[in-house]
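Coordinate inspection notes
For reference, the chains in residue letters:
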Amino acid sequence: MRVSPFCFIGSRELAMVFNPSIRYEAGCLKIDDVDIESVVNDVGTPLYVYSLKRLTANYQRIRKAFAPLSARLHFSIKANGNLDVLRALKRAGAGFDCVSGGEIYRALMAGAKGRDIVFAGVGKTRDEIRYAIHNGIGWINVENIGELEHIDSIAAEYDSDNLRVALRLNPEVTAATHPYMATGHGAAKFGLTADVIRELLRRQERYPQIDFSGIHIHIGSQLGDSEATLAALDKLLALVKPWPQIKKINLGGGLPVAYRFEETAPSLEALAEELAPRLKDYTVLLEPGRSVVADAGLLVAEVLYVKRQADQVFAVIDASMAELMRPALYGAHHEIVPLREADEESITTQVVGPVCESADVLARDRQLPPLQPGDKVALMTAGAYGMTMASNYNARPRPAEVVVAEDGMSWRVSRRRETVEDMLKGETSIRWS
Ligand SMILES: *Cc1c(COP(=O)(O)O)cnc(C)c1O
């Protein structure tokens, strides 16, 4: 039987540390100074738990690494829109990157000012653009000529003649990441070609309300090495060189995260060092999402059943692809560990959810101690693209979210568990029965 070197189950190395905030202590999985099981006993499962301490530390670490570029950070809300998370990041000094009117609303509700928000996205509706301008949006990242026309005419209604936009370049560079996370290749729906951007800049007087002072690229997420980023940046710099009015370069997000115990994420400092000389004449904006929140959160679930079938051991847990879609959507790997360290030898286990889809496998072929119904497990590194991608598929109420405060000790239910009544709220026929 193979025992994964990173599952130190039943050994002296039990002091397994994922990061300074998430680790075993005396056999119990803790998030900062909070025993996760004690939270679960109060709130139930499935449950997302986030460490505000860890995510602000991540934010500061990124800020420090990119200090040589004097980069301003806008947290990408699509990674995690929880209001307590957003408030903590706002206190730390972050702006926000939003990809819908709903995300702008969230940012405003978290106390952000319109000017601290960047509005991005391939298909902004007129209503969303109006909402953004009405709220004094800082920047709009533009991906369409039609969109530019809408922005210009709506800005005119508001008498705003210096609405800042950043044209988003599709650099035709393929990032080394999962195909569903790559956005910068020529065939992708994202961005504008270099030719279109040149043409727009040449004819910018057609859009009198608009200040074309920025340029944007985002070539994907979970970018493993800097090669594609630098190639894209070089194309972008060549493109904007004849236009000294362009002073702001928005490099998007995509900073990678280690999802496996044996991985370490590439150094941010090294990336910043490569970028800095190229960007010294510009002000820089970054839109990190995953790298701020992923390893600050986890999803806790309870084992419902264990069955042996077709020479496999299945542990059926009460979390599924509805609560954490990444394994089903991207084949993503999330480590899974029991909340209580066990002293037994590991066995190969398939951890699956209750949803009626063969894709509803959360962890395949994992070395885990023999699980029993009632045991609690944690899916690690689930703070980004976890809750924000959760759905009501199979009429499953979405999970609760708990945040552990920066003091490391106090925690609270930041969002209560959804109820079955919540799910029916919008259905008009409910009143007729
Ligand atoms: C998704 C996205 C981000 C955030 O990406 P991460 O990989 O989570 O850092 C930033 N900018 C844009 C335009 C995006 O679409």
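Along each chain, the written sequence defines residue order, and numbers are assigned to residues from 1. Where totals are concerned, whole chains, interfaces and linings use all residues; where local detail is concerned, this predicted model gives features only for residues with pLDDT of at least 70, and gives and counts side-chain atom pairs only at 80 or more. Note: side-chain values were computed over all heavy atoms of the structure, leaving out hydrogens and water.

1. Quick word on the nonpolar core
Residues Phe66, Leu167 and Leu279 are the most contacted members of the largest nonpolar core, which totals 108 residues. With eight residues, helix H8 (residues 227–240) is the single largest residue contributor to this core. Here, two residues are considered to be in contact whenever any of their heavy atoms come within 4.5 Å of each other. When neighbours within four sequence positions are excluded, Leu167 is seen to be in contact with Val142, Leu148, Leu192, Ile197, Leu200, Leu201, Phe212, Gly214, Ile215 and His216. Tyr24, Ile36, Leu339 and Ala400 belong to the second-largest nonpolar core, a separate cluster that totals 21 residues. Nonpolar core, defined: a set of buried Ala, Val, Leu, Ile, Met, Phe, Trp, Tyr and Cys residues in which side-chain atoms within 4.5 Å join the residues together. When a residue's accessible area, from a 1.4 Å probe over protein chains only, is under 20% of the maximum for its type it is buried; when over 50% it is exposed; and in between it is partly exposed. Secondary structure elements are taken from DSSP: a helix is a run of H or I of four residues or more, a strand is a run of E of two residues or more, and numbering for both begins at the N terminus.

2. A look at the sheet that holds strand S11 (residues 210–216)
DSSP bridges decide pairing: two strands pair if at least two such bridges lie between them. Reading around the circumference, S6-S7-S8-S9-S10-S11-S12-S13 is the order of the eight strands in this closed barrel, with parallel pairing throughout. Adjacent strand axes in the sheet meet at a mean angle of 30 degrees when their direction is disregarded. Bridge count between strand S6 (residues 72–76) and strand S13 (residues 283–286): two bridges; the pairing is parallel. The residue of S13 that forms the bridge with Leu73 is Leu286. Together, strand S9 (139–142), strand S10 (163–168) and S11 form the strand contacts of helix H6 (residues 145–157), whose direction differs from that of S9 by roughly 155 degrees. For helices, the axis comes from a line fit to the C-alpha atoms of the stretch in contact; other axes are also lines fit to C-alpha atoms, and the angle between any two N-to-C directions lies between 0 and 180 degrees.

3. Comments concerning the site of the ligand
Proximity is defined per residue: any heavy atom of the residue falling within 4 Å of a molecule or strand makes that residue near it. Surrounding the ligand, one finds 14 residues, the nearest of these being Lys78, Ser221, Glu287, Arg290 and Tyr385. What qualifies as a polar contact is a pair of N or O atoms within 3.5 Å, subject to a donor-acceptor requirement within protein and to the restriction that residues adjacent in sequence count only when both atoms come from side chains. In this structure, a nitrogen atom belonging to the ligand sits 3.4 Å away from a side-chain N or O atom of Asp97. In this structure, Gly289 approaches the ligand through a main-chain N or O atom, which is 2.9 Å from an oxygen atom. Summarising the interface, the protein chains cover 94% of the accessible area of the ligand, which totals 390 Å² for the free molecule. Each accessible area value is a Shrake-Rupley result obtained with a 1.4 Å probe; residue values ignore everything except the protein chains displayed when judging cover.

4. Looking at the pairing of S11
Among the seven residues of S11, six are classified as buried, and the element is accordingly described as predominantly covered. Bridge count for S10 against S11 is six bridges, and the pairing is parallel. Opposite Val165, over in S11, you have Phe212 as the bridge partner. As paired elements, S11 and strand S12 (residues 248–250) share three bridges and run parallel to each other. Residue pairing in the sheet places Gly214 in a bridge with Lys248 of S12.

5. Examining helix H3 (residues 83–91)
For H3, the set of buried residues is Asp84, Val85, Leu86, Ala88 and Leu89. Between the side-chain oxygen of the N-cap and the backbone nitrogen of Asp84 there are 2.8 Å, and the N-cap of H3 in question is Asn82. Among the residues trailing H3, Gly93 stands out with phi positive, at a value near 110 degrees.

6. Looking at H8
Between the first and last C-alpha of H8 there are 20 Å, a value that for 14 residues agrees with the 20 Å anticipated at 1.5 Å per step. Where H8 is buried, its residues contact helix H7 (194–202), S11, S12 and helix H9 (268–275). Every helix has an expected span of 1.5 Å times one less than the residues it contains.

7. A few points about the confidence of the model for the chain
For any part of a model where pLDDT is low, the fine detail of the predicted coordinates should not be relied upon. In this model, the chain carries a mean pLDDT of 93, and residues with pLDDT of at least 70 account for 96%. Low pLDDT (under 50) marks residues 1–15, which in the prediction has 24 contacts with non-local residues, meaning those over four places away or in another chain. Confidence scores labelled pLDDT are given residue by residue by the predictor and lie between 0 and 100.

8. Some points on the pattern of salt bridges
Once their charged atoms are close, side chains differing in charge can pair, the charge on each being opposite to the other. Salt bridges are defined as contacts in which a side-chain nitrogen from Lys or Arg sits within 4 Å of a carboxyl oxygen from Asp or Glu. As enumerated under the stated definition, the model contains 21 salt bridges in all. A salt bridge links Arg340 to Asp35; its shortest N-O distance comes to 3.3 Å. Placement of Arg340 in the loop between strand S16 (336–338) and strand S17 (347–352) and of Asp35 in strand S4 (residues 34–35) is noted, with a sequence separation of 305 residues between them. Because the salt bridges share partners, they merge into one network encompassing Arg23, Glu25, Lys30 and Asp33.

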